[in-house]
Amino acid sequence: MDTSTVNPSEQVGRQSRILEAVLDLLSRHGISGVNMRAVAREAGVALGLVNYYYEDKSSLIRAALHRMDEHDLMLVAPEPGSPPDEQLRKALRRVAAAELLTTRYLSLRLHLWALAQAHEDFALINAAAFERYLDGLATLIGNAKPELSRDECRERAADIVVVQNGMWLTALLGVDNASIQRSITRTEQIAFAASR
């Protein structure tokens, strides 16, 4: 397929639609619902275009995992100009944003976690993404609590992730706003606790 006449922003838009289709299919049907033809249909593009950008189903899944990694890094991205403690509080609240507490998003998370358990290549991508998220969160904690060592920041970040994942799983069973708020408060307590 010749894409030399397509402008770069249109190419990025097509690839983005394809990846969104993969994520939608994964959230609804799991890995069994993802194949080149289904992705093309869901994205509203020709099958040849999906084949042009992605070699096979595994490359589609890898690209989707990388897309989620980028999304997760945005959750812990520093906001220049804001005080460090406010940057950390905002990051801790972002994981409870309404768009992340939807059945679609939470189902997608569960399917991606399952994929990481079932396929070594996907597990490596998932582990690397988790480390980047943990590092980003630990950096925000360190900026807000400079008296903590890097190890203490990572330990707190890991504890916070446990609470966040529990919050997401609980939200999948039914959003209880009071529980969500208590979870956010708990992550803030962990992050801002006095050093030991």
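Residues numbered from 1 in each chain as written. Predicted model: local features only at pLDDT ≥ 70, side-chain atom pairs only at ≥ 80, totals over all residues. Heavy atoms only, no water.

Draft legend 1. Spotlight on the overall build of the chain. Counting its regular elements, the chain contains nine helices and zero strands. Along the first, second and third principal axes, the C-alpha set of the chain runs to 60 × 35 × 30 Å. The 196 residues of the chain split such that 42% are buried. Sequence separation of 24 or more characterises 66% of the internal contacts of the chain that already satisfy a separation of 6 or more. (Helix = DSSP H or I, 4+ residues; strand = E, 2+ residues; numbered from the N terminus. Buried < 20%, exposed > 50% of the residue type's maximum accessible area, 1.4 Å probe, protein only. Contact = heavy atoms within 4.5 Å.)

Draft legend 2. Structural view of the pattern of salt bridges. What the rule picks out here adds up to 16 salt bridges. Note that D121 is salt-bridged to R62, the shortest N-O span being 3.0 Å. Here the residue D121 occupies a position in helix α7 (residues 120–144), and R62 occupies one in helix α4 (residues 57–75), the gap between them amounting to 59 residues. Overall, R62 belongs to the partly exposed group, its relative accessible area being 27%. A salt bridge links R154 to D135, with the nearest nitrogen and oxygen atoms 2.4 Å apart. Highlighted residues: R154 in helix α8 (residues 150–173) and D135 in helix α7, separated in sequence by 19 residues. Its relative accessible area of 30% is what places D135 among the partly exposed residues. Overlapping salt bridges, with partners in common, bring together E20, D24, R67 and R104 in one network. (Salt bridge = Lys/Arg side-chain N within 4 Å of Asp/Glu carboxyl O.)

Draft legend 3. Spatial organisation of the confidence of the model for the chain. The share of residues in the chain with pLDDT of 70 or more is 94%, and the mean pLDDT across the chain is 89. Element-level mean pLDDT values for the chain span from 85 in helix α6 (residues 103–118) up to 96 in helix α5 (residues 84–94). (pLDDT = per-residue confidence, 0-100.)

Draft legend 4. Inspection of the side chain of S107 at higher detail. Looking at where S107 falls in the secondary structure, it is placed in helix α6. Excluding residues within four positions of it along the chain, S107 makes contact with S27 and L172.

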